Amino acid sequence: MKRAIQLKKLEDEIRKCSNCDLCMACTNPVPGYGNYFAKVVFIGEAPGKEEDLQGLPFVGASGKFLDKLLESINLDREDIYITNLVKCRPPNNRDPNQNEIDQCFKFLKRQIDLICPMLIVTLGRFSMNAFLPEIKISQAHGQVFKVEGLFEKTEFIMPMYHPASALYNPKLRSVLTEDFVKLGELLIKLKK
Ligand code: URA
């Protein structure tokens with residue numbers, strides 16, 4: 001079956017999922033959005049209020065900042081795929097628990113194995129720790145890690161701070177901006 005059809009079917013499966021209780025409280029599950037042939041997949045934590053209402057990832061305040069960061073390296077949403085570690089909004093934006101993460105990780109793994117990106121960019125510590133447990137985001141952000149054996153083809157992960165954290169902390173805003181410069185340089189190298 002063609003990749004786009006498989007991914008659309010998977011997104012529908014995610015919309016109908018009832019593997020944990022989060023589906024009962026959310027308005028719309030948020031499977032992901034973007035290019036099924038993307039070289040880079042971005043993974044956030046979980047949908048917030050606006051994402052829950054629209055069923056789309058990163059459409060609220062942190063999404064607006066993410067769009068600016070993408071624009072700064074000449075990427076837009078049609079070039080990448082964006083999803084979250086957990087696809088349904090946790091009530092009051094609480095942290096997702098381990099069971100919720102484990103249930104949703106099965107979907108994330110299938111999404112990554114279908115898209116086969118060269119690189120995963122994790123946004124925030126939750127999505128980073130799902131691939132790189134024990135690592136601190138203050139030490140790992142902006143670096144590329146090789147993760148073997150987790151996905152069929154994808155091996156490289158670049159952790160970044162979550163755009164929402166930069167909305168509250170101006171210092172993290174410049175860190176995130178610099179890390180995006182590194183990402184842009186890396187993507188140029190990978191294309192050569
Ligand atoms: N924060 C996230 O982690 N994901 C979204 O989709 C929106 C905000």
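Q: Explain the overall build of the chain here, please?
A: Counting secondary structure elements, the chain contains nine helices and six strands. Whereas a compact globule of 192 residues would reach a radius of gyration of roughly 16 Å, the chain reaches 15 Å, a difference of no more than 12%. The dimensions of the chain, computed from C-alpha atoms along their principal axes, are 40 × 40 × 30 Å. Expressed as a percentage of the 192 residues in the chain, the buried residues total 50%. Considering only intrachain contacts with a sequence separation of at least 6, the fraction spanning at least 24 residues in the chain is 72%. If you sum the accessible surface of the chain, you get close to 10,000 Å²; carbon and sulfur atoms cover 52% of it. Here the chain carries 27 positive and 24 negative side-chain charges, and the mean point of each set is 2 Å from the other.

Q: Quick question: what am I supposed to make of the sheet that holds strand β3 (residues 81–84) here?
A: Two pairing modes exist for strands in a sheet, parallel and antiparallel, and in both the strands are linked by backbone hydrogen bonds. Read across the sheet, six strands follow the order β1-β3-β2-β4-β6-β5 without closing on themselves; strand pairing throughout is mixed. The two strands at the open ends of the sheet, each matched to only one other strand, are β1 (33–34) and β5 (145–146). The sheet contact formed by β5 and strand β6 (residues 156–160) spans two bridges and is antiparallel. In the strand pairing of β6, K146 is matched with F156.

Q: So what exactly am I meant to see when it comes to the site of the ligand here?
A: Taken together, G44, E45, A46, E51, P57, F58, S62, N84 and H162 make up the full set of residues adjacent to the ligand. At a separation of 2.8 Å, an oxygen atom of the ligand approaches a polar side-chain atom of H162. Residues belonging to the shell around the ligand are distributed by class as follows: three nonpolar, four polar and two charged.

Q: In this structure, what is going on with the packing of helix α4 (residues 61–72) against helix α9 (residues 170–191)? I would like to understand it.
A: The geometry of a pair of packed helices is captured by two quantities: the angle between their axes and the separation between those axes. Taken N-terminus to C-terminus, the directions of α4 and α9 make an angle of 40°; their axes are 9 Å apart at the nearest point. Between α4 and α9, the crossing angle belongs to the class labelled oblique. Seen along the crossing, α4 lies across α9 with a hand that is right-handed. Counting all contacts with α4, which are made through F65, L66, L69, L70 and S72, the residues of α9 involved are R173, L176, T177 and F180. Of the residues in the contact of α4 with α9, the class split is six nonpolar, two polar and one charged.

Q: How should I be thinking about the nonpolar core in this particular structure?
A: Note that soluble globular proteins tend to have their nonpolar side chains buried in a common cluster. Ranked by internal contacts, the top residues of the largest apolar core, which has 57 residues, are F42, V121, F131, M160, L176, F180 and L183. It is helix α5 (residues 98–115) that contributes the most residues to this core, eight residues altogether. Leave out the neighbours within four places in its chain, and M160 touches V121, T122, L123, G124, I137, H141, L176, D179, F180 and L183.

Reading the values: rules and limits
Residues numbered from 1 in each chain as written. Predicted model: local features only at pLDDT ≥ 70, side-chain atom pairs only at ≥ 80, totals over all residues. Heavy atoms only, no water. Helix = DSSP H or I, 4+ residues; strand = E, 2+ residues; numbered from the N terminus. Rg over C-alpha atoms; globule rule 2.2 N^0.38 Å. Buried < 20%, exposed > 50% of the residue type's maximum accessible area, 1.4 Å probe, protein only. Contact = heavy atoms within 4.5 Å. Areas by Shrake-Rupley, 256 points an atom, 1.4 Å probe, with all protein chains shown as cover. Lys, Arg positive; Asp, Glu negative; His and termini not counted. Charge placed at Lys NZ, Arg CZ, Asp CG, Glu CD. Pairing = 2+ DSSP bridges. Near = heavy atom within 4 Å. Polar contact = N/O pair within 3.5 Å; in protein donor to acceptor, adjacent residues only side chain to side chain. Nonpolar A, V, L, I, M, F, W, Y, C, P; charged D, E, K, R; others polar. Axes fitted to C-alpha atoms, helices over the stretch in contact; angles between N-to-C directions. Parallel < 35°, antiparallel > 145°, perpendicular 65-115°, else oblique. Left-handed = near helix turned anticlockwise from the far one by under 90°. Core = buried A, V, L, I, M, F, W, Y, C linked by side-chain atoms within 4.5 Å.

Just distances and angles here, no functional claims.
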